[in-house]
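Listed below, chain by chain, are the residues.
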Amino acid sequence: SDHTWSAPAGKTLLSSWVFAMNLSPQPVLSATIGLAVYKAFQNTWPWLSWSLKAPNDIYLSSKKVAGLLIENVQEGTGRNRLVIGLGMNVFATPNLDTATSLNTELGVKAEHSLTCKEWEEAMDRLLLELSLAVSQTGALLTQQQCLSLQEALNKFPLLSQKYDRVLPDGSLEARDKKIHWSEL
């Protein structure tokens, strides 16, 4: 795989969120999970420049702060567990020019460090957004999800070409090309 996570020990959040699902996960689930994480952090720290880079990297300004890995585990007929792995640079940044940490960005933008209360609020909001995303995932994205996803993706400052729209099947349209989410 060409997707890796590099972070200093003890300074990152490495977590797994597990959800029971009665139905098989739909192809658009990855997009809705990325959007849920983006929304949770955007609502907790709205003064920071959050964006989503497809398929599931979370950025602050032009630097990566978090990434997602999503896996479905089948446990028999019609029973699935969705495992969402979240890696996030919280207090330190790996030695990469393309990465940042939440605490660094809070210091730059708000001149303060991350507090326990803020972190608790962020994790509560993240659980809410992830739960909603999992429970409301259908075969297609809703119109609101399409618009929200397009906005989050187009905020990514290193995007070479803005997306004209996100289609209900998770495809991204930009000028004359169409890319399905699963191909990213």
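Data block above holds the structure.
Since this is a predicted model, take the numbers as computed values, not measurements.

Criteria and thresholds
- Residues numbered from 1 in each chain as written.
- Predicted model: local features only at pLDDT ≥ 70, side-chain atom pairs only at ≥ 80, totals over all residues.
- Heavy atoms only, no water.
- Helix = DSSP H or I, 4+ residues; strand = E, 2+ residues; numbered from the N terminus.
- Contact = heavy atoms within 4.5 Å.
- Pairing = 2+ DSSP bridges.
- Buried < 20%, exposed > 50% of the residue type's maximum accessible area, 1.4 Å probe, protein only.
- Polar contact = N/O pair within 3.5 Å; in protein donor to acceptor, adjacent residues only side chain to side chain.

J.: In this structure, what is going on with the environment of Ala20? I would like to understand it.
T.: Here Ala20 lies in strand 1 (residues 12–21). Apart from residues no more than four positions distant in its own chain, Ala20 is found in contact with Asn80 and Arg81.

J.: I'm lost on the sheet that holds strand 6 (residues 165–166) in this one. Help?
T.: Note on sheets: strands pair through backbone hydrogen bonds, and any given pair is parallel or antiparallel. Pairing is antiparallel in the open sheet, where three strands are placed in the order 6-7-8. Edge positions in the sheet fall to strand 6 and strand 8 (177–180), since each has one partner strand and no second. In terms of strand pairing, strand 7 (residues 171–174) meets strand 8 through four bridges, oriented antiparallel. The residue bridging Glu173 from the neighbouring strand is Lys178, located in strand 8.

J.: Would you take a moment to explain the side chain of Thr32 for this structure?
T.: Checked against the element boundaries, Thr32 lands in helix 1 (residues 29–44). Apart from the residues within four sequence positions on either side, Thr32 is in contact with Ala133, Thr137, Leu141 and Gln145.

J.: I would appreciate a short explanation of the environment of Phe91 in the present structure.
T.: Within the secondary structure layout, Phe91 lies in the loop between strand 5 (80–89) and helix 2 (102–110). Taking the relative accessible area as the measure of exposure, Phe91 reaches 46% and is therefore partly exposed. Sequence spacing of Phe91 and Leu114 is 23 residues, and the spatial spacing of their C-alpha atoms is 8.4 Å.

J.: Mind showing me how you'd approach the environment of Thr44 here?
T.: Within the fold, Thr44 resides in helix 1. Judged by its relative accessible area of 15%, Thr44 falls in the buried class. A polar atom in the side chain of Thr44 sits 2.8 Å from the backbone oxygen of Ala40.

Worth remembering: the numbers are spatial, not functional.
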